[in-house]
Structure formats: C-alpha cells, structure tokens
Amino acid sequence: FIQNKFREWTIHYVPAELTGILGAFAGAFAAHLIARNAALTALAGAWGENIGFYGLHAAHEIRFELANNKKRKRQSFPVILLRSIRNLLLEFGPAEFFDSLFLRPSLIYAASVLIGNIALGVITGKITADLVFYTLAISTQELRKKYLTRA
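Each chain carries its own residue numbering, running from 1 in the written order of its sequence. With the structure being a predicted model, the display of local features is reserved for residues of pLDDT at least 70 and the display and counting of side-chain atom pairs for 80 or more, all residues being used for whole-chain, interface and lining totals. The basis for every side-chain value is the complete set of non-hydrogen atoms in the structure, without hydrogens or water.

A. Main features of the pattern of salt bridges. Salt bridges, as used here, are contacts in which a Lys or Arg side-chain nitrogen is within 4 Å of a carboxyl oxygen on Asp or Glu. For the structure shown, the criterion picks out 12 salt bridges. Here arginine 104 makes a salt bridge to aspartate 130, at a shortest N to O gap of 2.8 Å. Of this pair, arginine 104 sits in helix α3 (residues 77-115) while aspartate 130 sits in helix α4 (residues 118-147); the two residues are 26 residues apart in sequence, bridging distant segments of the chain. Residue burial is assigned from relative accessible area. The probe radius is 1.4 Å, only protein chains are included, and a residue is buried under 20% of its type maximum, exposed over 50%, and partly exposed in between. Residue classification places arginine 104 among the buried residues on the basis of a relative accessible area of 3%. Connected via shared salt-bridge partners are Glu17, Glu49, Asp99, Arg104, Lys126 and Asp130. Each helix corresponds to a stretch of at least 4 residues labelled H or I by DSSP, and each strand to a stretch of at least 2 residues labelled E; elements are numbered beginning at the N terminus.

B. View of a nonpolar patch on the surface. To count toward a patch, a residue needs a relative accessible area above 30% and no salt bridge. Like charges then connect within 9 Å, nonpolar side chains (Val, Leu, Ile, Met, Phe, Trp, Tyr) within 5 Å. Note on areas: these come from Shrake-Rupley sampling with a 1.4 Å probe, and a residue is covered only by the protein chains present in the view. On the surface, Phe97, Phe98, Leu101, Phe102, Leu131, Val132 and Leu136 cluster together into a nonpolar patch covering about 730 Å² of accessible area. Elements with a minimum of two residues in the nonpolar patch: α3 and α4. Counting residues per element, the nonpolar patch draws most heavily on α3, at four residues. On the secondary structure map, leucine 136 appears in helix α4.

C. Focus on the nonpolar core. Counting 11 residues, the largest nonpolar core consists of Tyr13, Ala16, Phe53, Tyr54, Leu88, Phe92, Ala95, Phe133, Tyr134, Ala137 and Ile138. Here, nonpolar core means buried Ala, Val, Leu, Ile, Met, Phe, Trp, Tyr and Cys residues that are tied together by side-chain atoms lying within 4.5 Å of each other. Ranked by size, the runner-up nonpolar core spans six residues in total, among them Ala24, Ala28, Ile108 and Ile118.

D. Summary view of the side chain of glutamate 17. Locating glutamate 17 in the fold gives a position in helix α1 (residues 2-35). Accessibility expressed as a relative area gives 13% for glutamate 17, which makes it buried. Any N or O atom pair separated by 3.5 Å or less is treated as a polar contact, with the protein-specific requirement of one donor-capable and one acceptor-capable atom, and with residues adjacent in sequence counted only for side-chain atom pairs. Reaching out from glutamate 17, the side chain makes a polar contact with the side chain of tyrosine 134 at a distance of 2.2 Å. A contact between two residues is defined here by any heavy atoms of the two lying within 4.5 Å. Apart from the residues within four sequence positions on either side, glutamate 17 is in contact with Glu49, Phe53, Lys126, Asp130 and Tyr134.

E. Spotlight on the packing of α1 against α4. Axis angles are defined between N-to-C directions and span 0 to 180 degrees, where every axis is a line fitted to C-alpha atoms and, for a helix, only to the segment in contact. Where α1 meets α4, the closest approach of the two axes is 10 Å, and the angle between their N-to-C directions is 145°. The two elements α1 and α4 cross, and the hand of that crossing is right-handed. Here Lys5, Glu8, Trp9, His12, Tyr13, Glu17, Ile21, Ala24, Phe25, Ala28, Phe29 and His32 of α1 come into contact with α4, specifically with Ile118, Ala119, Val122, Ile123, Lys126, Asp130, Tyr134, Ala137, Ile138, Gln141, Glu142 and Lys145. Among the residues forming the contact of α1 with α4, the class breakdown is 14 nonpolar, three polar and seven charged. Put simply, a crossing is left-handed when the front helix is turned counterclockwise from the back one by less than a right angle, and right-handed when it is turned clockwise. Classification used: nonpolar for Ala, Val, Leu, Ile, Met, Phe, Trp, Tyr, Cys and Pro, charged for Asp, Glu, Lys and Arg, polar for all others including Gly.

F. α3, seen in detail. Multiplying 1.5 Å by the helix residue count minus one yields the expected span of that helix. Between its first and last C-alpha, α3 extends only 47 Å over 39 residues, short of the 57 Å set by a 1.5 Å rise per residue. Throughout, bend refers to the angle between the axes fitted to the seven residues that end at a position and the seven residues that start at it. Phenylalanine 92 marks where α3 bends most, by close to 60°; the proline proline 94 follows one to four residues later. Positive phi appears at glycine 116, one or two residues downstream of α3, with a value of about 80°.

Next comes the structure, spelled out in structure tokens:
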C-alpha cells in the first residue's frame, strides 16, 4: 500500500517540483542581480517556485477536467475552470497558506544567509520547507480523493 502511494505521489508531484526548482532559481537569481538584497532574493525565489509548481499543476488539472468533461454532460469552459480551481485550492490551499506567507521565504532567507551561497541557500531552504508542505498537501489530497470524487 505505502509503496503504491509513494509511486502515485511521485508521479503527481515530481514534475511540478522540478518546474518549481527552475522557477525558484530564475526568480532568486533575477532578484539577486537586480537588488542584491537577501530578503528580496528569498521572496523572489519562493514566488518563482510557486509560478512553476502551480502553473504545471493547473495545466494538468484543467487537462484532466477537459478530458473528463466527455463523461459528464457537456459543461462550459468556465465551469471546468472553476472546478479545476476548486480542486487545486482543496489540495494545496492549507499547505500553501502557511508555506508561502511564512515558512518558505524564512527558510530560504535563513539558509542563504547562514550558508553564504545563494544557490545552496535556495536549495536547502526549499527542501526543508518541502518536508512540511508535502506533509500537509498529501494529507489534503488524500482527503479530497476520499470525500470528493473528481469523475
């Protein structure tokens, strides 16, 4: 059971995670080149990661809803879009609220300052924040699957 769940979570989260890493580096390095400020660099890294991570999840969710639209009575695109947004908010809302407003920027900032290297600080802060984030996100995703069928 656990092995199957781990495989499912890996397939669901790893591609977006890789896209998020690219976004984190792009945001952090752009802010560092422009502002040379550790706090702004950390914030831009966190936001860049969110853009990459949620952009990919949103694209997959909309594609899933469009594909399943054939099984339901034909629904308009705005209804499909709202259903996709609802699904993303249910899965990621609680984890993201805590993560983006406090945890991730703080950890990226602290790691960057303590290590003294932007790249290692972004990765170290990101990985540490991910441990908390995924504990919450996986829990809410499993509850969503259990209590809210998507088909």
